[in-house]
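Each chain is listed here by its residues.
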Amino acid sequence: PETKNSVGSYLIDFLNSGEFDSFTAISAFASESGVSGLAKHILPAKKRFKQINIIIGVDQKCTSKEALREILKLQVNAYVFYFSSRTIFHPKIYLFEGERTSKLIIGSSNLTSSGLFSNIESSILVELDSSLEGKMLLTELKEYFVGIFSFDDPNLKLLTGDLIESLLLGKIIVTEEERRVYERINNEGEEKDISKRLITDLFPKRKTPQIPSEFVVSRRGRTKSKKNSLKIELKISEKSKKEKLVWLRKHLPASSVQAVGEDTNPTGGLRLVQDKFKINNEVINQTKYFRNIVFVKLNWAQIRTKPFVEGAEAQFNVKIKGKSIGTYLLELRHKPSGEAGQGNYTTSISWGKLGDIIRQEKLVGHTLRLFDSNYSDEFFIEIG
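These figures come from a predicted structure and were not determined experimentally.

Q: Looking at this structure, how should I read the overall build of the chain?
A: In terms of regular secondary structure, the chain is built from 12 helices and 17 strands. Split into buried and exposed, the 384 residues of the chain put 42% on the buried side. Of the roughly 22,000 Å² of accessible surface on the chain, a fraction of 49% belongs to carbon and sulfur atoms.

Pasting the structure below:
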């Protein structure tokens, strides 16, 4: 349980070294403790370094509002990278450059106190001298991440106070308190206790490296009152239990639930039609609503040219007649020409392996509800 060979220890050593004049940190996630701990070494290094760059991702709500504010306080060249997709921004690169030598750390350590010191991580330190091989490797790295190192990628935004507030309002990031409360909610209950005991019996505890005191954020004097904490807990608990209804399909037709009859052929999927569903008292335009609003964050790709068809995949947690039957990765298709000026559907969900269960349940005439999750990339389908 020593930390002398951790990524955090190397960052501290290099920031305090006189060998370098440029530092670039690219990390998928950042925590308040990770940034504030490193700040104690970045701030004095600013006097010696010509440039300090920090690029942070904000996917999966793993980077907190407080972490971004700590970065903002450093007054360095800082950016946030984000785009709406199931694909996430996930690199961890720490590059120190000097006239005679450069140091490059690439691995799995995020800019968090645990990622830098106590997690079981894997990283490699590459020492680059002025040789041709060293220059070639550095050039290749910067060419591969050209939009990041040149700061002109369209999904790279300069970190400002306004941007932090926008990310918070857009529910892309959360506060440290909200994240802790949400984790506590997910880890409570008798079933969780039984699971913990079972896992503890299988996998014993072990010593972990101690995180340096400068990388531990004190909550003293800033802890919310029990009343406020309870409000946050209730708010998150309600959100975690109540998903957002994004579509309702009344009286499911035989063609959409795999029912086979003399006059009906199963379509193999669910047609996302209008069915007079309203959002803000306005009936949806089904030809655009599902592709451009409900499923806009999915990683869509062209799968056919003539006619043009897009495809994507998403996780659906499925409940039928009040019983949960599991989570399924289902394929979606969007065919703009399917509308043909007649108000038809353009987007559909293929049942895939779920089709056999759908057929056995005999769901003709039942109601289907489609929900979007507030805290994950999953969607929810309830039929009953």
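Q: What's the story with the pattern of salt bridges in this structure? I'm lost.
A: Any two side chains of opposite charge can pair, on the condition that their charged atoms come close. For the coordinates displayed, the defined rule picks out 9 salt bridges. Salt-bridge contacts for Arg69 lead to Glu165; the nearest nitrogen and oxygen are separated by 2.8 Å. Taken together, the residues Arg69 in helix α3 (residues 65–73) and Glu165 in helix α7 (residues 161–169) connect sequence positions 96 residues apart. Ionic pairing is found between Asp356 and Arg359, a salt bridge with its closest N-O pair at 2.5 Å. Here Arg359 and Asp356 lie together in helix α12 (residues 355–360), a separation of 3 residues that amounts to about one turn. For Arg359, a relative accessible area of 37% puts it in the partly exposed group.

Q: Would you mind going over the sheet that holds strand β3 (residues 77–81) with me for this structure?
A: In any sheet, the strands associate via hydrogen bonds between backbone groups, in a parallel or an antiparallel arrangement. The strand order β6-β5-β4-β1-β2-β3-β7 describes an open sheet built from 7 strands, whose pairing is mixed. With partners counted over all chains shown, the strands left at the sheet margins are β6 (123–128) and β7 (156–158), one partner each. Strand-to-strand, the axes of this sheet are offset by a mean angle of 15 degrees, without reference to chain direction.

Q: Please clarify how α3 should be interpreted in this entry.
A: Given 3.6 residues per helical turn, the α-helix brings residues three or four places apart onto the same face. Within α3, the full set of buried residues consists of Lys65, Glu66, Ala67, Leu68, Glu70 and Ile71. Backbone geometry just after α3 places Gln75 at a positive phi near 55 degrees.

Q: I tried to follow the nonpolar core on my own but got confused; where do I start?
A: Generally speaking, nonpolar side chains in soluble globular proteins are found buried as a group. Grouped together as the largest cluster of nonpolar side chains are 39 residues, with contacts concentrated most on Leu11, Phe23, Leu68 and Tyr94. Judged by nonpolar contacts, the second largest core, of 34 residues, contains Leu252, Leu272, Ile349 and Trp351.

Q: Would you take a moment to explain the side chain of His334 for this structure?
A: Looking at where His334 falls in the secondary structure, it is placed in strand β14 (residues 323–334). Here His334 falls in the buried class, since its relative accessible area comes to 6%. Only 2.8 Å separates the side chain of His334 from the side chain of Thr347, close enough to count as a polar contact. If we ignore the near neighbours within four places in the chain, the residues touching His334 are Thr287, Arg291, Trp300, Phe308, Val309, Glu310, Thr346 and Thr347.

Q: Before we go on, may I ask you to explain the packing of helix α2 (residues 32–45) against α3 in this structure?
A: Here α2 crosses α3 at 20 degrees, and the two axes come no closer than 8 Å. As far as their axial angle goes, α3 and α2 are roughly parallel. As for the relative orientation of α2 and α3, their crossing is left-handed in sense. From α2, Glu32, Val35 and Ser36 reach across to α3, where they touch Glu66, Ala67, Glu70 and Ile71. Class assignment for the residues of the contact of α2 with α3 results in 3 nonpolar, 1 polar and 3 charged.

Q: Explain the pairing of strand β4 (residues 92–97) to me, please; I cannot follow it from the model alone.
A: Within a regular strand, the side chains alternate between the two sheet faces. The element β4 is largely enclosed, with a buried count of 6 among its 6 residues. With burial as the criterion, each face of β4 is covered, one bearing Lys92, Tyr94 and Phe96 and the other bearing Ile93, Leu95 and Glu97. Relative to β4, strand β1 (residues 22–27) runs antiparallel, the two being bridged by 6 bridges. In the sheet register, Thr24 faces β4, and the bridge partner there is Leu95. Judged from the 5 bridges that link them, β4 and strand β5 (residues 102–107) form a sheet pairing that is antiparallel. Opposite Glu97, over in β5, you have Ser102 as the bridge partner. Between the antiparallel neighbours β4 and β5 lie 4 residues.

Criteria and thresholds
Residues numbered from 1 in each chain as written. Predicted model: local features only at pLDDT ≥ 70, side-chain atom pairs only at ≥ 80, totals over all residues. Heavy atoms only, no water. Helix = DSSP H or I, 4+ residues; strand = E, 2+ residues; numbered from the N terminus. Buried < 20%, exposed > 50% of the residue type's maximum accessible area, 1.4 Å probe, protein only. Areas by Shrake-Rupley, 256 points an atom, 1.4 Å probe, with all protein chains shown as cover. Salt bridge = Lys/Arg side-chain N within 4 Å of Asp/Glu carboxyl O. Pairing = 2+ DSSP bridges. Axes fitted to C-alpha atoms, helices over the stretch in contact; angles between N-to-C directions. Core = buried A, V, L, I, M, F, W, Y, C linked by side-chain atoms within 4.5 Å. Polar contact = N/O pair within 3.5 Å; in protein donor to acceptor, adjacent residues only side chain to side chain. Contact = heavy atoms within 4.5 Å. Parallel < 35°, antiparallel > 145°, perpendicular 65-115°, else oblique. Left-handed = near helix turned anticlockwise from the far one by under 90°. Nonpolar A, V, L, I, M, F, W, Y, C, P; charged D, E, K, R; others polar.

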